[in-house]
Amino acid sequence: MIITKQKPVEDIARMVEKHKNLFFVGCGQCSSQCQTGGEWEVEELGRILEESGHKTVGSTVVYAPCHELDVKRHFRKHKDQLARADAVLVLSCGAGVQSAVEATDLPVYPTNDSLFLGNSQRHMHFEEKCSTCGECVLESTGGICPVTRCPKGLLNGPCGGTNHGACEVDSDKPCVWTLIYNRLESLDELDKFREIQPPKNYNAIKRPGLVRPE
Amino acid sequence: MAAYREACESGKFVVSGEIGPPKGTKVDNMLHHIDLLNPLVDALNVTDNQSAVLRLGSMAVSHEVVTRGGDAIYQMTCRDRNRLALQNDLLSAHFLGLRNVLALTGDHVSVGDHKDAREVYDFESVQLIQCIKKLNEGFDWAGNELEGSTDFFIGAVVTPESDPIEPQKLKYEKKIAAGAQFFQTQAVYDMDNFQRFMEYSHGVTEGTDVKVMAGLVVLTSVGMAKYMNKFVPGVFVPDSLLEEMASVPKEDAIKKGMEICARHIRFCIDNKVCDGVHVMAIGKEEIVPEILQMAGLA
């Protein structure tokens, strides 16, 4: 799922200060789980902005606002409310915000910062383990991703900053190369560690990504 | 200028020092250190935005070292440049007469003074070593033939006190396989541990011409020694040295640190532990000549 963090309320208020009538779009999936875009957050943000003179003309929570067709469907359903709105606020990741841009000519604003593609471990515990690099290396690293989980994305072993098995950059995180070593050792696959890995092929996925049926 | 390579290949005990370029354009002190050390060492390392802190460039200062009659070990990190820029700088360095490169991954930007910068790491140390080897063979990384190849002596680093050590050892072996010809170690202080590491290393480098130089950072106070233990990963100052540093009045601590450094150099020579030393005084280069003298090297 996409992990998001709500922007400071003052920043959101500054973005929409010239718009009185606001329409809110929430996210029933990732942002709900992150508590940045579920029904409660949609209502709460509307209430807060009303305190500074804005008016909520309507809101909707789309199951997954990264689905552009779904967002368009919701916007059709709420067309009367949208007709009275001066701006749309989207409480999701940047993908959902841009779905809304495809669905309306009104100005659309993000209320969240999108952080990473995260694994959900338990309530409000998220960890980045895959960064969608376009060329998966997990086969050679015991299923543990150094591209994502080493701050330097090292492919050939640890740097000198391994600190008693923790990462020099953030001591709350393990050195992923210690994890990979231990895993490969237990699998009796240390030969994979010994193999020199080539640099990433940044042409494997041309950004921005685009997939069409073949 | 191939003095360092020749010194390494001659089998003599090689000595290198280190120059950290200043943050800014005031170079008098640095030039003084270069002139002071050039006649005494086989080469001077020049650091590349050391600790991810912006400084005067490693290539320009390496060139100055050579212009002033010494040999330079051009340090190159992968943190700030992609593969095009790295190769471009390598060709430029070669054009300027630099012949020794120390290939490093580089400290992460988050430990430096531009914490919000984007780190690059398009290559990492092992791949940079491979890349330099390819340039030496007349090809760029993409496999295109060069009009004239480079002739670099390829260096790398290893951290003998890394914890855990096993992954570090495998990476060391990969650097050798990639084409590293000489190594400078991260600072070592426990000579028994270092000797044990070198016994392992000799097994790995047997039958190759790979040279290993002990990295020695001069202790200047007991506080510095404790700081290294606490905050510098891969560095271990044993209790015996902490006690030795604490045994003298504060004002004599530098002298004691110099003595310890000279003793470790001697230990490496007398016990044939490694092929040379890389002495780092981190801004206090004026003490290096005396250390070398104390060790009987000058």
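Note that the coordinates shown come from a computational prediction; the quantities given were computed from them, not determined experimentally.

Trainee: Would you explain the sheet that holds strand β4 (residues 87–90) of chain A in this entry?
Mentor: The strands making up a sheet are joined through hydrogen bonds of the backbone, oriented either antiparallel or parallel. Residues and elements named next belong to chain A. One open sheet holds the four strands; their spatial order is β3-β2-β4-β5, and the pairing between them is parallel. Only two strands of the sheet have a single neighbouring strand rather than two, namely β3 (55–62) and β5 (108–110). The average angle at which neighbouring strand axes cross in this sheet is 25°, direction not considered. Relative to β3, strand β2 (residues 21–27) runs parallel, the two sharing seven bridges. The residue of β3 that forms the bridge with Cys27 is Val62.

Trainee: Where do I start with the environment of Ser149 of chain B in this structure?
Mentor: Here Ser149 of chain B shows up in the loop between α5 (125–136) and β5 (153–158). Through-space distance from the C-alpha of Ser149 of chain B to that of Met294 of chain B is 42 Å; in sequence the pair is 145 residues apart.

Trainee: What is the right way to look at the nonpolar core in this model?
Mentor: One broad rule of soluble globular proteins: the nonpolar side chains tend to lie buried together. All names here are of chain B. With 69 residues, the main nonpolar core has Leu128, Phe183, Phe194 and Ile265 as its most contacted residues. If near-sequence neighbours (up to four positions away) are discounted, Phe183 is found in contact with Ala156, Val157, Val158, Tyr172, Lys175, Ile176, Val210, Lys211, Val212 and Met213. In this structure, Leu219, Met228, Val235 and Met280 belong to the second largest nonpolar core, which totals 15 residues.

Trainee: Can you walk me through the sheet that holds strand β4 (residues 100–104) of chain B in this structure?
Mentor: All names here are of chain B. The eight strands are arranged β1-β2-β3-β4-β5-β6-β7-β8 in a closed barrel whose pairing can be described as parallel. Adjacent strand axes in the sheet meet at a mean angle of 25°, parallel and antiparallel pairs treated alike. As paired strands, strand β7 (residues 211–217) and strand β8 (residues 276–280) are joined by five bridges and run parallel to one another. From the neighbouring strand, Ala214 faces β8, where its bridge partner is Val277. The sheet contacts of helix α7 (residues 191–205) involve β5, β6 (182–187) and β7, and relative to β7 the element is tilted by about 165°.

Trainee: Just checking my understanding: could you explain the pattern of salt bridges for this structure?
Mentor: Counting across every chain of the model gives 26 salt bridges over all chains. Here Asp113 of chain A ties to Lys7 of chain A by a salt bridge, and the two come within 2.8 Å at their closest N and O atoms. In this pair, Asp113 of chain A is assigned in strand β6 (residues 112–122) and Lys7 of chain A in the loop between β1 (2–6) and α1 (9–15), connecting sequence segments 106 residues apart. Linked by salt bridges that have partners in common, Glu244, Lys256, Glu259 and Arg263 of chain B make up one network.

Trainee: Looking at this structure, how should I read the packing of aromatic side chains?
Mentor: Each pair of aromatic rings is reported with the distance of its centres and the angle of its planes. Residue and element names in this part refer to chain B. For the structure shown, the criterion picks out twelve aromatic pairs over all chains. Between Tyr172 and Tyr200 the ring centres are 6.1 Å apart and the planes differ by 50°, which places this aromatic pair in the tilted class. Of this pair, Tyr172 sits in helix α6 (residues 166–178) while Tyr200 sits in helix α7, placing them 28 residues apart in sequence. Given the relative accessible area of 1%, Tyr172 is considered buried. Residue class for Tyr200 comes out buried when judged on its relative accessible area of 18%. In this structure, Lys134 is placed above the aromatic ring of Trp141, and the distance from its NZ or CZ to the ring centre is 5.3 Å. Over the ring of Tyr200 we find Lys169, and its NZ or CZ is 4.6 Å from the ring centre.

Trainee: Before we go on, may I ask you to explain the interface of chain A and chain B in this structure?
Mentor: Often, the extent of an interface is quoted as the loss of accessible area upon association of its parts. Counting residues at the interface gives 30 residues for chain A and 30 residues for chain B. Summed over both sides, the interface between chain A and chain B buries roughly 2400 Å², with carbon and sulfur atoms accounting for 57% of that surface. Of all residues in chain A, Lys152, Ile196 and Pro199 of chain A bury the most surface against chain B, accounting for 25% of the area lost on that side. The interface formed by chain A and chain B includes zero salt bridges. At the boundary of chain A and chain B, one finds 13 residue pairs in polar contact (both at pLDDT 80 or more). Listing elements by their share of the side of chain A that touches chain B, those giving two or more residues are α8 (176–186) and α9 (190–194) of chain A. Of the residues assigned to the side of chain A that touches chain B, the class counts are 14 nonpolar, eleven polar and five charged.

Trainee: Just checking my understanding: could you explain the side chain of His78 of chain A for this structure?
Mentor: All names here are of chain A. By the secondary structure assignment, His78 is in the loop between α4 (68–77) and α5 (79–84). Residue classification places His78 among the buried positions, given a relative accessible area of 13%. Among the polar contacts listed, one links the side chain of His78 to the backbone oxygen of His74, at a separation of 2.9 Å. Ignoring anything within four residues of it in the chain, the contact list for His78 reads Phe23, Ser59 and Thr60.

Rules and cut-offs
- Residues numbered from 1 in each chain as written.
- Chains lettered and ligands numbered in written order.
- Predicted model: local features only at pLDDT ≥ 70, side-chain atom pairs only at ≥ 80, totals over all residues.
- Heavy atoms only, no water.
- Pairing = 2+ DSSP bridges.
- Helix = DSSP H or I, 4+ residues; strand = E, 2+ residues; numbered from the N terminus.
- Axes fitted to C-alpha atoms, helices over the stretch in contact; angles between N-to-C directions.
- Core = buried A, V, L, I, M, F, W, Y, C linked by side-chain atoms within 4.5 Å.
- Buried < 20%, exposed > 50% of the residue type's maximum accessible area, 1.4 Å probe, protein only.
- Contact = heavy atoms within 4.5 Å.
- Salt bridge = Lys/Arg side-chain N within 4 Å of Asp/Glu carboxyl O.
- Phe/Tyr/Trp six-rings, centres within 6.5 Å; stacked < 30°, edge-to-face > 60°.
- Lys NZ or Arg CZ within 6 Å of the ring centre and 35° of its normal.
- Buried area = accessible area lost by both parts, 1.4 Å probe.
- Polar contact = N/O pair within 3.5 Å; in protein donor to acceptor, adjacent residues only side chain to side chain.
- Nonpolar A, V, L, I, M, F, W, Y, C, P; charged D, E, K, R; others polar.

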